[in-house]
Amino acid sequence: MLLKYQEKLPFTEAKNIHSRIETFISDTRAKKRYFQKRKLDTEEILSYLLKRDLTFKGQKTNYATHNMHAFAAKFPPQLPKLFINELTTTGEVVLDPMSGSGTTLVEAVLSNRYGIGTDIDPLAVMIAKVKLSSLNISETVKVANSVLQQAKKRFSHITDAQLCEFYSPETTFCFNKRNRTCEII
Ligand SMILES: C[S@@+](CC[C@H](N)C(=O)[O-])C[C@H]1O[C@@H](n2cnc3c(N)ncnc32)[C@H](O)[C@@H]1O
């Protein structure tokens, strides 16, 4: 399965990439020189970056959509962000072939790169897609309200005491703020 996110990249950037590629194709020697230089630079930067402390202890990891869903062995977002920013420039493509919940792809988009991800696990792909989808806020609020109304109708006969058997007091409080019988701990 393939995930591709390019909505946030401005059109002018996409045009620039296209014209740069065309120039490369028409000048093979320049193309070769560019990639040779780029390879050298990349290796130097990589060896420098890999010597750094890459634990990012104590740094915030819940910004943007990163904490939307739990996922095993997630990167701290600062990790892909560092490599993306040091090794690529605006408008370039970032590929994560085992993208999991899409941390790298979210960071690629936040840094105005194209993010392409693949993963063997359909759940991982779904989580990543959700984290990368832009929402129409008013449409989302409309749908959420309709779900809420349906749920209220369907579960109106359930008492707070019954809810308390299954849910924590905090959750029960959220279900029914006005008629609370559970203590908040
Ligand atoms: C440690 S997780 C990646 C987590 C990701 N960096 C994040 O922050 O969410 C490794 C991922 O590799 C995927 N994977 C393992 N073998 C794979 C394969 N052969 N092809 C594609 N994906 C694979 C797994 O499904 C899993 O989602």
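Computed from a predicted model, the values in this text were never measured in an experiment.

Asks: Any chance you could break down the overall build of the protein for me, citing the residues and the numbers?
Replies: For the protein, the count of helices and strands is eight helices and three strands. Starting at the N terminus and walking to the C terminus, you meet the elements of the protein as β-α-α-α-β-α-β-α-α-α-α. Within the protein, the proportion of its 185 residues that are buried is 17%. Here the analysis covers contacts within the protein between residues at least 6 apart in sequence; of these, 52% occur between residues at least 24 apart.

Asks: Break down the nonpolar core for me, with residues and values.
Replies: Across soluble globular proteins, nonpolar side chains have a tendency to be buried as a group. Counting residues in each nonpolar core, the largest one holds 12 residues, listed as Ile84, Val94, Leu105, Val106, Ala108, Val109, Tyr114, Ala124, Val125, Ile127, Ala128 and Leu132. Where this core is concerned, the elements lending two or more residues are helix 4 (103–110) and helix 5 (122–132). Ranked by residue count, the leading element in this core is helix 5, at five residues. Sequence-distant contacts of Ala108, that is, excluding residues within four places in its chain, are made with Ile84, Val94, Arg113, Tyr114 and Gly115.

Asks: Go over the pairing of strand 2 (residues 93–96), please, and point to the residues and values.
Replies: Residues Val94 and Asp96 point to one face of strand 2 and are all buried, whereas Val93 and Leu95, pointing to the other face, are not buried. As paired elements, strand 2 and strand 3 (residues 114–118) share four bridges and run parallel to each other. If you follow Asp96 over to strand 3, its bridge partner there is Gly117. A crossover connection joins strand 2 to the parallel strand 3 through helix 4; in handedness this β-α-β unit is right-handed.

Asks: I'd like to hear about the packing of helix 4 against helix 5, residue by residue, with values.
Replies: At a minimum axis separation of 9 Å, helix 4 and helix 5 run at an interaxial angle of 20 degrees. Of the possible angle classes, the one that applies to helix 4 and helix 5 is roughly parallel. With respect to the hand of their crossing, helix 4 and helix 5 are arranged in right-handed fashion. Packed against helix 4, whose contacting residues are Leu105, Val106 and Val109, the element helix 5 presents Ala128, Lys131 and Leu132 at the interface. Grouping the amino acids of the contact of helix 4 with helix 5 by side-chain chemistry returns five nonpolar, no polar and one charged.

Asks: Explain unusual backbone geometry residue by residue, including any values.
Replies: Despite not being glycine, Ala73 has its phi angle at roughly 55 degrees, a positive value. Checked against the element boundaries, Ala73 lands in the loop between helix 2 (28–50) and helix 3 (78–87). For Ala73, a count of 6 C-beta atoms within 10 Å translates into the label exposed. Within the chain, Asn112 stands out as a residue other than glycine whose phi angle is a positive 60 degrees. Looking at the secondary structure, you find Asn112 in the loop between helix 4 and strand 3.

Asks: Any details on the site of the ligand? Residues and values, ideally.
Replies: Taken together, 13 residues form the shell around the ligand, and within it Ala73, Met98, Gly100, Ser101 and Thr103 come nearest. Broken down by class, the residue content of the shell around the ligand amounts to six nonpolar, four polar and three charged.

Asks: Lay out the packing of helix 3 against helix 4 with the relevant residues and their values.
Replies: Orientation of helix 3 relative to helix 4, taken along the N-to-C sense of each, is 45 degrees, at an axis distance of 9 Å. Accordingly, the angle class assigned to the pair helix 3 and helix 4 is oblique. When you trace helix 3 past helix 4, the crossing you get is right-handed. Within the contact between the two elements, helix 3 uses Pro80, Lys81 and Ile84 and helix 4 uses Thr103, Thr104, Glu107 and Ala108. Residues of the contact of helix 3 with helix 4, tallied by class, amount to three nonpolar, two polar and two charged.

What counts and what doesn't
- Residues numbered from 1 in each chain as written.
- Predicted model: local features only at pLDDT ≥ 70, side-chain atom pairs only at ≥ 80, totals over all residues.
- Helix = DSSP H or I, 4+ residues; strand = E, 2+ residues; numbered from the N terminus.
- Buried ≥ 20, exposed ≤ 12 C-beta atoms within 10 Å, placed from the backbone.
- Contact = placed C-beta atoms within 7 Å.
- Core = buried A, V, L, I, M, F, W, Y, C linked by C-beta atoms within 7 Å.
- Pairing = 2+ DSSP bridges.
- Right-handed = clockwise from strand over helix to strand, strands pointing away.
- Axes fitted to C-alpha atoms, helices over the stretch in contact; angles between N-to-C directions.
- Parallel < 35°, antiparallel > 145°, perpendicular 65-115°, else oblique.
- Left-handed = near helix turned anticlockwise from the far one by under 90°.
- Nonpolar A, V, L, I, M, F, W, Y, C, P; charged D, E, K, R; others polar.
- Near = placed C-beta within 6 Å.

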